[in-house]
Amino acid sequence: MSVDALFKLPDHYCALQAEARNLADSVRGIAAEADEAGRVHPGMRSALAASGLVTVVVPARFGGRFERVDSLAATVVREVLAGVSGHLDSMFAMQGIGTFALSAAGAEDVQARWLPAVAKTEAIAALALTEPDVGSDLRAISTTVHERGGRLVLHGHKSFITNAGDADLYTVLAREGDGYSLVLVPAGTPGLSTASPHQIIAPHVLGDVVLDGVEVGTDHRVGAAGEGFRLVLATLAAFRVSVAGAAVGVAEAALREAVAHCTGREQFGVPLARLGSVPEHLAMAWTELEMARSLTYRAAAATAGDPLASLWLSSMAKVGATEMAGRVVDRAVQAAGRFGLTRGSNLERLYREARPMRIYEGSTEVILDSLARQLIKKVTADDH
Ligand SMILES: Cc1cc2nc3c(=O)[nH]c(=O)nc-3n(C[C@H](O)[C@H](O)[C@H](O)COP(=O)(O)OP(=O)(O)OC[C@H]3O[C@@H](n4cnc5c(N)ncnc54)[C@H](O)[C@@H]3O)c2cc1C
């Protein structure tokens, strides 16, 4: 088998990359403004809608492009978008992350109401798991849902929710009896309110969601009662690797900035790119980037086949690529000297965009803890 057959992306993924590049190029002029907007940027939203790319993260029977969500497709698109705009990348990804459970297990009428609209970017999606006092330890959430008179009633407070305030639908994780359920709550339902108490360093649309006696029909429970965690895990299994793709895109954009700066600026009569340890830093960043990209594509291809069976690999790719992006962006800032610190510069934005990737969708430490357990189990089993 040729190296290309083994390690080159098949043509239809390359075509998808080209589509994503067209979209990314078309929004370069508004990228900085959108990243700082703190709300969904209307120009960015229309460009995403016009591109038709959201169809990649919605199954075909609801207006999507592939029979089921293809994690490698989502990953290569995020790689391209994240290098140009964190805002655009997040909007694209959340359309899939916010609705994956609904596509997999929602009631038919609710699926028909929302999923085609999400595929066309006419509706914006959100996934609400985190609470003010609960992050990694999701089983400790205090949001509740119970059935009363044929309706579902929710009480709780969700925090740091991407798209809060601009989303049209929220997929909410809540305690139901002794278990946990997911419930779809449309924006505008009485009792649901949003606020923006936190401004974070990253370019990101984020807010809190309060559910004060919110009522929806029982058909808005996504999957059966008690199935919430299974569906959250399925969502992570399908999309975690796409964060790795976004991290690779951010790192590549930072490295390109660094190379442009270091070849264009001289100190001591030579380009920075030839001075002291600068070339070594650039070459090491490139090496780490390519290593991460290889693992990311491998993990994404495996995930496209069987998300749950490949969770160990997509988790490794997520940790490897996001930690790599942190190092590469930091080195790029160092190589650019004071110009890497200038507010509004591309490098400064990429630096801020890379940082939260190591915290959301499974923090590095939580993932490593789980991988270490799996490693020990596997090696112990192999030895017997
Ligand atoms: C930009 C951004 C967007 C987000 N979007 C969403 C969203 O759309 N929906 C949503 O529900 N949430 C969202 N979140 C929240 C995100 O999911 C949480 O930040 C994440 O789960 C980590 O929780 P925490 O921040 O409370 O950290 P904590 O859980 O308090 O962890 C703090 C530190 O302790 C470490 N730690 C925790 N547990 C362990 C352990 N068992 N072993 C070792 N170390 C551990 C962590 O790795 C971390 O370093 C978003 C966050 C950010 C920054």
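These numbers come from a predicted model, not from an experiment. (Residues numbered from 1 in each chain as written. Predicted model: local features only at pLDDT ≥ 70, side-chain atom pairs only at ≥ 80, totals over all residues.)

## A word on the overall build of the protein
1) Next: What the protein contains, in helices and strands, is 13 helices and 10 strands.
2) Next: Taken over C-alpha atoms, the radius of gyration comes to 21 Å for the protein, in line with the 21 Å a tight globule of 384 residues would show.
3) Next: Taken along the three principal axes of its C-alpha coordinates, the protein extends 80 × 55 × 40 Å.
4) Next: Classification of the 384 residues of the protein by burial places 49% in the buried group.
5) Next: When contacts within the protein are restricted to residue pairs at least 6 apart in sequence, long-range pairs at least 24 apart make up 75% of them. (Helix = DSSP H or I, 4+ residues; strand = E, 2+ residues; numbered from the N terminus. Rg over C-alpha atoms; globule rule 2.2 N^0.38 Å. Buried ≥ 20, exposed ≤ 12 C-beta atoms within 10 Å, placed from the backbone. Contact = placed C-beta atoms within 7 Å.)

## Quick look at helix α8 (residues 108–119)
Side chains of residues three or four places apart in an α-helix project in the same direction, reflecting 3.6 residues per turn.
1) Next: Relative to the 16 Å expected for 12 residues at 1.5 Å per residue, α8 spans 16 Å between its end C-alpha atoms, a close match to the ideal helical length.
2) Next: Considering only its buried residues, α8 is in contact with α6 (86–97), α7 (100–105), β1 (125–128) and β4 (169–176).
3) Next: Once α8 ends, the next one or two residues include Thr121, with phi positive near 65°. (Expected span 1.5 Å × (residues − 1).)

## Points about the packing of helix α10 (residues 278–305) against helix α11 (residues 311–335)
Helix-helix packing: each pair is described by the crossing angle between the helix axes and the interaxial distance.
1) Next: One way to put it is that α10 packs onto α11 with a least axis distance of 9 Å and a crossing angle of 160°. Here α10 lies roughly antiparallel to α11, going by the angle between them. Every pair of crossing elements has a handedness; the one defined by α10 and α11 is left-handed. Touching Val278, His281, Leu282, Ala285, Glu288, Leu289, Ala292, Leu295, Thr296, Ala299, Ala302 and Thr303 of α10 are Leu313, Ser314, Met316, Ala317, Gly320, Ala321, Met324, Arg327, Val328, Arg331, Ala332 and Ala335, all from α11.
2) Next: Considered class by class, the residues forming the contact of α10 with α11 number 16 nonpolar, 5 polar and 3 charged. (Axes fitted to C-alpha atoms, helices over the stretch in contact; angles between N-to-C directions. Parallel < 35°, antiparallel > 145°, perpendicular 65-115°, else oblique. Left-handed = near helix turned anticlockwise from the far one by under 90°. Nonpolar A, V, L, I, M, F, W, Y, C, P; charged D, E, K, R; others polar.)

## Quick word on the domain arrangement of the protein
1) Next: The domain boundaries assigned to the protein delineate domain 1 (3–119), domain 2 (125–225) and domain 3 (229–382).
2) Next: For domain 1 and domain 3, the distance between their C-alpha centres works out to 20 Å.
3) Next: Taken together, the contacts link 25 residues of domain 1 with 25 residues of domain 3.
4) Next: Mapped by element, the contributors of at least two residues to the side of domain 1 that touches domain 3 are α3 (28–35), α5 (71–84), α6 and α7.
5) Next: At 11 residues, the largest contribution of residues to the side of domain 1 that touches domain 3 is made by α5.
6) Next: Of the residues in the side of domain 1 that touches domain 3, the class split is 15 nonpolar, 5 polar and 5 charged. (Domains from an automatic or database assignment.)

## So, unusual backbone geometry
1) Next: Unlike most non-glycine residues, Thr121 shows phi in positive territory, near 65°.
2) Next: Structurally, Thr121 can be placed in the loop between α8 and β1.
3) Next: One non-glycine residue with positive phi stands out, namely Glu361, at about 50°.
4) Next: With respect to the helices, strands and loops of the structure, Glu361 is situated in the loop between α12 (346–354) and α13 (364–382).

## Observations regarding the pairing of strand β5 (residues 179–186)
1) Next: For β5, the tally of buried residues reaches 6 of 8 residues, placing the bulk of the element in the interior.
2) Next: With 8 bridges joining them, β4 and β5 adopt antiparallel strand pairing. Across the sheet, residue Leu173 finds its bridge partner in β5, namely Leu182.
3) Next: Turn length for the β4-β5 hairpin, with the two strands adjacent in sequence and antiparallel, is 2 residues, and the turn residue Gly177 shows positive phi of about 60°.
4) Next: Bridging between β5 and strand β8 (residues 221–222) involves 2 bridges; their strand directions are antiparallel. (Pairing = 2+ DSSP bridges.)

## Observations concerning the environment of Thr303
1) Next: Note that Thr303 resides in helix α10.
2) Next: By C-beta crowding, Thr303 is classed as buried, having 28 other C-beta atoms within 10 Å.
3) Next: With 241 residues separating them along the chain, Thr303 and Phe62 place their C-alpha atoms 21 Å apart.
4) Next: Beyond its immediate stretch of four places on either side in the chain, Thr303 contacts Ser71, Ala237, Ala238, Val241, Ser310 and Ser314.

## Some points on the packing of helix α2 (residues 11–26) against α5
1) Next: Running from amino to carboxyl end, α2 crosses α5 at an angle of 30°, the nearest separation of the two axes being 9 Å. Put simply, α2 runs roughly parallel to α5. Where α2 crosses over α5, the two elements pack in a sense that is right-handed. Where α2 abuts α5, its residues Tyr13, Leu16, Gln17, Ala20, Arg21 and Ala24 lie against Leu72, Ala73, Val76, Val77, Val80, Leu81 and Val84.
2) Next: Its residues placed into classes, the contact of α2 with α5 shows 11 nonpolar, 1 polar and 1 charged.

## Quick word on α6
1) Next: When the terminal C-alpha atoms of α6 are compared, their 16 Å separation across 12 residues agrees well with the 16 Å that a helix rising 1.5 Å per residue should span.
2) Next: Burial of α6 is extensive: 12 of the 12 residues sit out of reach of the surface.

## Things to note about the pairing of strand β2 (residues 144–148)
1) Next: Bridge count for β2 against strand β3 (residues 151–162) is 5 bridges, and the pairing is antiparallel. Residue Val145 lies in a different strand from β3, and its bridge partner there is Leu154.
2) Next: Counting the residues that bridge the hairpin from β2 to β3 gives 2 residues, and of these Gly149 lies at a positive phi of roughly 55°.

## A look at the environment of Ala126
1) Next: Within the secondary structure, Ala126 sits in strand β1.
2) Next: We classify Ala126 as buried; it has 28 C-beta atoms within 10 Å.
3) Next: As a C-alpha pair, Ala126 and Val185 span 59 residues in sequence and 9.9 Å in three-dimensional space.
4) Next: Apart from residues no more than four positions distant in its own chain, Ala126 is found in contact with Met94, Gly98, Ile161, Thr162, Asn163, Ala164, Ala167 and Tyr170.

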